[in-house]
Amino acid sequence: MIWSRSESTLDATPAKTREAPRGSVESHPGKTVEVAGLYKSFVLGRNRERVDVLRDISFDVGSGEFLTLLGPSGSGKSTLLRCIAGLESPDDGVIRIGDESVADKRRFVPPNRRDIGMVFQSYAVWPHMTVSQNVAYPLLNARARSTRRSSMNVDRDVNRTLETVGLGGYGGRGVHELSGGQQQRVALARAIISRSGLLLLDEPLSNLDSKLRREMRHELRQISKEHGLTSIYVTHDQFEALSMSDRILLMRDGRIEQQGEPEAIYGSPDTEFVAGFLGNINLIPARVLERHGSVVIAELSGTGETVRVAIPRNKELNVGEKATLGIRTHDITIQEAAEGGDSSIRDEGAPHDNRLTGRVTSLQFLGERWEVHVQVGDQEVRLFRYRNPDSSEGHLVNVAFAPERAFIFQDRDAPHGAATEPLPPSSTEKRQ
Ligand SMILES: Nc1ncnc2c1ncn2[C@@H]1O[C@H](COP(=O)(O)OP(=O)(O)O)[C@@H](O)[C@H]1O
Ligand SMILES: [Mg+2]
């Protein structure tokens, strides 16, 4: 709950950029950000080994864009954000904010000269100050060096900014009297009052309860958009990333695994890692048997079943290769199958859908949906039903999905172990 020294220096914004466009606190020209060829390593552990935490990171952020850095814990998100803030200095690469280079081979601009608003997971508010004093801090701090802003203007700006974050009328309270969500709003108000045009947020909602987190997602994006701010938002939460972002940059082991608009990246994951990170998906080991242009026929391991999968024509995928089938839980339908094998009874799926036959092993009621597990050979298929699944544990069922809704990933994309090298040529000839 306290400012670290480095965090507080972010508030000391150069005075000239803080002059408000006349009559409005709301219009900020969002700053562009460019990151090119960024590397960062840390010396870790007892044997002082140097570990690359960021490797060749390049991306641009447009003015007013809401960009999210998404990835598992340890993937380098915070380090990247801290490099942009100036709290870490990169080993190599260039960072530009607006038209100024803030980090390159010759130059390193310290955080207090980068003109950035920042919000952290810990609320980072001054516990002994009132709400207003907390929010006014960056302005008053800067006023020590510039007398351009009158105290009347400060009061007016503080009150308007508190209104913006939904804390109108709370100015006189001590921050210790506020809930966690309200304290985070204070931190947000303090980050936006300087009109710096660039907001960096590192898991700002992680300490809030889930209902408040959902509400704040929407509000945070709205505030950032209303103010025309450029925002870079760090989270490990796929739902935050999908719901808030103009664009997502998915990170893995210090690299950018894939970037794109939320629906594009969700709809066309390049790798098994991306597919597994976004949404609920079944990942089933498979082998490519045939390929006909944009259609692949694959055998699912341990099931004796083959399926058809539609893939982009230019996607690299070789016959004989080990692969993983990906099929999202909500893209699967389920029907009772007749014992004895006539599985065409009561089929609701399209004629060309893939069908797998198995037994229901579990059926859980989760409120708005049911989660059904079906054992197909050695594999388990999970699916969601939003109507009563009309089935019971032990029943024989057909699960079906359209070839267009399935994904297939080469195993070299697998996050852990598996075949990281392409298979030797001899094995690509093998056919069942
Ligand atoms: N100051 C530091 N010194 C040493 N190692 C660090 C430091 N900061 C981060 N790391 C390491 O860098 C890796 C990435 O960390 P971080 O950027 O915090 O990941 P994320 O925010 O995605 O969880 C982790 O392995 C972490 O332990
Ligand atoms: Mg982090």
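Keep in mind it's a predicted model, so treat the numbers as computed, not measured.

Go over the overall build of the chain, please, and point to the residues and values.
For the chain, the count of helices and strands is ten helices and 20 strands. Expressed as a percentage of the 432 residues in the chain, the buried residues total 39%. Once local pairs closer than 6 in sequence are excluded, the contacts in the chain between residues at least 24 apart make up 69%.

Describe in detail the site of ligand 1, supporting the description with residues and values.
In the vicinity of ligand 1, the residues found are Phe 42, Leu 44, Val 53, Gly 71, Ser 73, Gly 74, Ser 75, Gly 76, Lys 77, Ser 78 and Thr 79. Elements that contribute at least two residues to the shell around ligand 1 include exactly strand E1 (33-44) and helix H2 (77-85). Each residue belonging to the shell around ligand 1 can be placed in one class, and the counts come to three nonpolar, seven polar and one charged.

Outline the sheet that holds strand E12 (residues 295-300), supporting the account with residue identities and numerical values.
Taken in spatial order, the five strands make up an open sheet running E13-E12-E11-E14-E20, and their pairing is antiparallel. Edge positions in the sheet fall to strand E13 (306-310) and strand E20 (406-410), since each of these pairs with one other strand and no more. Each adjacent strand pair in this sheet contributes to an overall mean axis angle of 45°, direction not counted. Relative to E12, strand E11 (residues 281-292) is paired through six bridges, and the arrangement is antiparallel. Bridging across to E12, Arg 291 finds its partner in Val 296.

Lay out the pairing of strand E17 (residues 370-376) in plain terms, naming residues and giving numbers.
Examined bridge by bridge, strand E16 (residues 354-365) and E17 share six bridges and lie antiparallel to one another. Across the sheet, the residue bridging to Leu 363 is Val 372, located in E17. Following E16, the chain reverses through four residues before pairing antiparallel with E17; Gly 367 in that reversal takes a positive phi of roughly 90°. Here seven bridges tie E17 to strand E18 (residues 379-385), and the two strands are oriented antiparallel to one another. Each residue of the ladder has a partner; that of Glu 371, found in E18, is Phe 384. Following E17, the chain reverses through two residues before pairing antiparallel with E18; Gly 377 in that reversal takes a positive phi of roughly 60°.

Any details on the sheet that holds E18? Residues and values, ideally.
Pairing is antiparallel in the open sheet, where five strands are placed in the order E15-E19-E16-E17-E18. In this open sheet, the two strands that pair with only one neighbour each are strand E15 (333-336) and E18. Taken pair by pair, the neighbouring strands of this sheet meet at an average axis angle of 40°, ignoring direction. Summarising the sheet, E15 and strand E19 (residues 396-401) pair through four bridges and their orientation is antiparallel. Along E19, the bridge assignment pairs Gln 335 with Asn 398.

Would you mind going over the environment of Val 33 in detail, with residue names and values included?
When you line up the elements, Val 33 lands in strand E1. The exposure class assigned to Val 33 is buried, which follows from the 23 C-beta atoms found within 10 Å. Expressed as a C-alpha distance, the spacing of Val 33 and Val 61, which sit 28 residues apart in the sequence, is 5.0 Å. Beyond its immediate chain neighbours, meaning those up to four positions away, Val 33 contacts Val 61, Ile 84, Arg 96, Ile 97, Leu 198, Thr 230 and Ile 232.

Before we move on, could you go through the environment of Pro 138 and cite the residues and values that matter?
Structurally, the position occupied by Pro 138 is in helix H3 (residues 131-143). Taking the number of C-beta atoms within 10 Å as the measure of exposure, Pro 138 has 23 and is therefore buried. C-alpha separation for the pair Pro 138 and Ile 192, spaced 54 residues apart in sequence, amounts to 9.9 Å.

Lay out unusual backbone geometry in plain terms, naming residues and giving numbers.
Note on backbone geometry: most residues besides glycine have negative phi, and most peptide bonds are trans. Positioned with a positive phi, Asp 56 is a non-glycine residue whose angle comes to about 50°. Note on placement: Asp 56 falls in strand E2 (residues 49-61). Look at Asp 115: it is not a glycine, yet its phi comes out positive at around 60°. Its place among the elements puts Asp 115 in the loop between strand E5 (100-103) and strand E6 (117-119).

Mind laying out the confidence of the model for the chain, listing which residues take part and the relevant values?
Detailed reading of the predicted coordinates is not advisable wherever pLDDT falls low. Chain-level pLDDT for the chain is 84 on average; 84% of the residues reach the 70-or-more range. Contacts for the low-pLDDT stretch residues 1-26, under 50 throughout, to residues beyond four places or in other chains number 52 contacts. Note on residues 413-432: pLDDT under 50 across the span, and 28 contacts to partners over four residues away in sequence or across chains.

Which residues make up helix H5 (residues 180-192), and what values go with them?
An ideal rise of 1.5 Å per residue puts 18 Å on 13 residues; H5 measures up with 19 Å between its terminal C-alpha atoms. The buried fraction of H5 amounts to ten of the 13 residues, a majority that puts the element mostly inside the structure.

For the nonpolar core, give the residues involved together with the corresponding values.
Core analysis: the largest hydrophobic core is formed by 100 residues, its most contacted members being Leu 200, Ala 298, Leu 325 and Ile 408. Counting residues per element, this core draws most heavily on H5, at six residues. Counting only domains with at least three residues in this core, you end up with domain 1 (5-267) and domain 2 (272-428). Not counting chain neighbours up to four residues away, the residues in contact with Ile 408 comprise Ala 286, Val 296, Ala 298, Val 309, Ile 311, Leu 317, Ala 323 and Leu 325.

Describe the environment of Met 244, naming the residues involved and giving the relevant values.
Structurally, Met 244 is set in helix H7 (residues 238-244). Using a count of 24 C-beta atoms within 10 Å as the deciding quantity, one classes Met 244 as buried. Each C-alpha atom of the pair Met 244 and Arg 221 lies 6.0 Å from the other, and the pair is 23 residues apart in sequence. For Met 244, the residues in contact, after removing those within four places along its chain, are Phe 66, Thr 68, Arg 217, Leu 220, Arg 221 and Tyr 233.

Please set out the pairing of E19 residue by residue, giving values where relevant.
Among the six residues that make up E19, five are buried, leaving the element largely enclosed by the rest of the structure. Two strands pair when backbone bridges link them, and E16 and E19 are joined in this way by six bridges, in the antiparallel orientation. Paired with Arg 355 across the bridge in E19 is Ala 400.

The rules behind the values
Residues numbered from 1 in each chain as written. Chains lettered and ligands numbered in written order. Predicted model: local features only at pLDDT ≥ 70, side-chain atom pairs only at ≥ 80, totals over all residues. Helix = DSSP H or I, 4+ residues; strand = E, 2+ residues; numbered from the N terminus. Buried ≥ 20, exposed ≤ 12 C-beta atoms within 10 Å, placed from the backbone. Contact = placed C-beta atoms within 7 Å. Near = placed C-beta within 6 Å. Nonpolar A, V, L, I, M, F, W, Y, C, P; charged D, E, K, R; others polar. Pairing = 2+ DSSP bridges. Axes fitted to C-alpha atoms, helices over the stretch in contact; angles between N-to-C directions. pLDDT = per-residue confidence, 0-100. Expected span 1.5 Å × (residues − 1). Core = buried A, V, L, I, M, F, W, Y, C linked by C-beta atoms within 7 Å. Domains from an automatic or database assignment.

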